[in-house]
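# Descriptive analysis of the structure
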Amino acid sequence: MKLIVATQNKSKLKEIRHILSGVGIKIISLNELETKFNIQENGKTFFANAVKKTLPVSKIYKEDLIVGEDSGLVVKYLNGRPGVYSKRYSGKNWTYLKNNLKIIKQLEGVKQKERQAYFLCCLVLMKNGKLIKKIDGRVNGFINKEIKGKNGFGYDPIFCPVRKKLSSGVCLPKYKKTIAQLPSAVKNKISHRAFAFNKLKTHLLVRFSD
Ligand code: ITT
C-alpha cells in the first residue's frame, strides 16, 4: 500500500514528505501516476475542494491511501478573502508575485492590528472512495506591509506568523519575519500544513504500526 498525495504542487509535496518522514509508507504524488486527473477546484469551502481533489483518485487507486488538501490565506480585513480563491486571486494570468502585490495594495494604509490573517489547511484522507479522516490545521499571523524573503511559496513572503512558544519547543523569532524569511525546517514545524499533517502522521503511525 502507498500513500498518494493528491497534489500537483511540488512545494507542497516537499513539505508533506518532510513532515511525514519516518511513517514508513511509500509516498508518491499525482505526477507519478499513470492516470491523469483533471481537477476543477470550484468548491465553496476548503473541505469541498479537498474532497474534489482526493475522491476521484481514491476511486481508481482503491488499494492505496489517498490524502489531499486544500489550503489558502484568510484575511480578516478582506472579509475572509482570498480564502478558496487564493490560487488565482490576481486573475487568469496569476502569479504568486501578482497575488501578493494585490493583497499588499488592498491593505495599503491599514493599521497593524487590522492586518490579522491566517493560513488554513483542510486535509482529507480517503480509501476506496470513503472518507477516513478530515483534519484542519491553522497558523495565525498578520499581513506584512511589504514582500520579504525567498523561501517557501505562495503567500509566504507577505505572511508573518504570530510569535509564540510552541509545545514542540520551537519559538518563533523575536523580530517579525515573514514565513519566506524563515528556514524551511521552521515552516515545517509551525505551518497550517505542519499542524494538519502531524496529526495525520500520528494517525498513520497508530494505525499501521505492528
Ligand atoms: P494542489 O491543488 O495541486 O494541491 P495548489 O497550488 O492548487 O496545489 P491550493 O489550491 O491548495 O494548492 O492552494 C491555493 C493557494 O494558497 C496556493 O496557490 C498558495 O498561493 C496558497 N497557499 C497554500 N498553502 C500555502 C503555504 O504554505 N504558503 C503560502 N501560500 C500557500
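Residues numbered from 1 in each chain as written. Predicted model: local features only at pLDDT ≥ 70, side-chain atom pairs only at ≥ 80, totals over all residues. Heavy atoms only, no water.

### With respect to the pattern of salt bridges
Applicable threshold: Whenever a carboxyl oxygen of Asp or Glu lies within 4 Å of a side-chain nitrogen of Lys or Arg, that contact is scored as a salt bridge. Segments assigned H or I by DSSP are reported as helices when at least four residues long, segments assigned E as strands when at least two residues long, and all are numbered from the N terminus. For every residue, the accessible area (1.4 Å probe, protein chains only) is compared with the maximum for its type, and the residue is labelled buried under 20%, exposed over 50%, or partly exposed between those bounds.
Applying the stated criterion to the full structure yields ten salt bridges. Between Lys 53 and Asp 70 there is a salt bridge, and its shortest N-O distance comes to 2.9 Å. Residue Lys 53 is found in helix 2 (residues 46-60), and its partner Asp 70 is found in strand 3 (residues 65-75); the two are separated by 17 residues along the sequence. No difference in accessibility class separates Lys 53 from Asp 70, as the two residues are buried. Across the pair Asp 136 and Lys 134 runs a salt bridge, and its minimum N-O distance is 3.2 Å.

### Details of unusual backbone geometry
Note on backbone geometry: most residues besides glycine have negative phi, and most peptide bonds are trans. For the peptide bond that leads from Arg 81 to Pro 82, omega is 0°, which places it in the cis range. With respect to the helices, strands and loops of the structure, Pro 82 is situated in the loop between strand 3 and helix 3 (96-106). Of note in the backbone geometry, Asn 79 takes a positive phi value of approximately 55° without being a glycine. Along the polypeptide, Asn 79 turns up in the loop between strand 3 and helix 3. Even without a glycine there, the phi angle at Asn 128 is positive, about 50°.

### Points about helix 1 (residues 10-19)
To keep things clear, this is the line we draw: Note that the arc is computed from the directions linking the helix axis to the C-beta atoms. Polar contacts here mean pairs of N or O atoms no more than 3.5 Å apart (in protein, one a potential hydrogen donor and the other a potential acceptor; neighbouring residues in sequence count only if both atoms are side-chain atoms).
Within helix 1, the full set of buried residues consists of Lys 12, Leu 13, Glu 15, Ile 16 and Ile 19. All buried residues of helix 1 lie within an arc of 165° about the axis, which places them on one face of the element. Seen from the buried face of helix 1, the exposed residues on the opposite side, beyond 90 degrees, are Lys 10 and Lys 14. If you check the start of helix 1, you find a side-chain oxygen 3.0 Å away from the backbone N of Ser 11, and it comes from Asn 9.

### Quick notes on the site of the ligand
For clarity, the threshold we go by: One heavy atom suffices: a residue is near a molecule or strand as soon as one of its heavy atoms comes within 4 Å of it. Computed with the Shrake-Rupley method and a 1.4 Å probe, the accessible areas treat only the protein chains shown as cover for residues. Gly is placed with the polar residues, together with every amino acid not listed as nonpolar (Ala, Val, Leu, Ile, Met, Phe, Trp, Tyr, Cys and Pro) or charged (Asp, Glu, Lys and Arg).
Around the ligand sit 21 residues in total, of which Thr 7, Lys 12, Lys 53, Asp 156 and Lys 187 are the nearest. Separating an oxygen atom of the ligand from a side-chain N or O atom of Asn 9 is a distance of 2.9 Å. Protein chains shield 96% of the accessible area of the ligand, which is 610 Å² for the free molecule. Of all the secondary structure elements, the ones that give two or more residues to the shell around the ligand are strand 3 and helix 5 (192-208). Looking at which element gives the most residues to the shell around the ligand, the answer is strand 3, with four residues. Its residues assigned to classes, the shell around the ligand comprises four nonpolar, eight polar and nine charged.

### Some details on the side chain of Arg 193
Put simply, the test is: Contacts are assigned to residue pairs that have any heavy atoms within 4.5 Å of one another.
Assignment of secondary structure puts Arg 193 in helix 5. Among the polar contacts made by the side chain of Arg 193, one reaches the side chain of Ser 71 at a distance of 3.0 Å. Excluding anything up to four places from it in sequence, Arg 193 contacts Lys 12, Glu 15, Ile 16, Ile 19, Glu 69, Ser 71, Cys 121, Phe 153 and Lys 187.

### Digging into the pairing of strand 3
Filter applied, for reference: Any two strands between which DSSP finds at least two bridges are classified as paired.
In terms of burial, strand 3 is a largely internal element, eleven of the eleven residues being buried. Because side chains alternate across strand 3, one face comprises the buried residues Leu 65, Val 67, Glu 69, Ser 71, Leu 73 and Val 75, and the other comprises Ile 66, Gly 68, Asp 70, Gly 72 and Val 74, equally buried. In terms of strand pairing, strand 1 (residues 2-5) meets strand 3 through three bridges, oriented parallel. The partner of Ile 4 across the bridge, within strand 3, is Ile 66. Pairing of strand 3 with strand 4 (residues 116-127), which is carried by ten bridges, proceeds in the antiparallel orientation. Following the sheet pairing, Leu 73 is matched in strand 4 by Phe 119.

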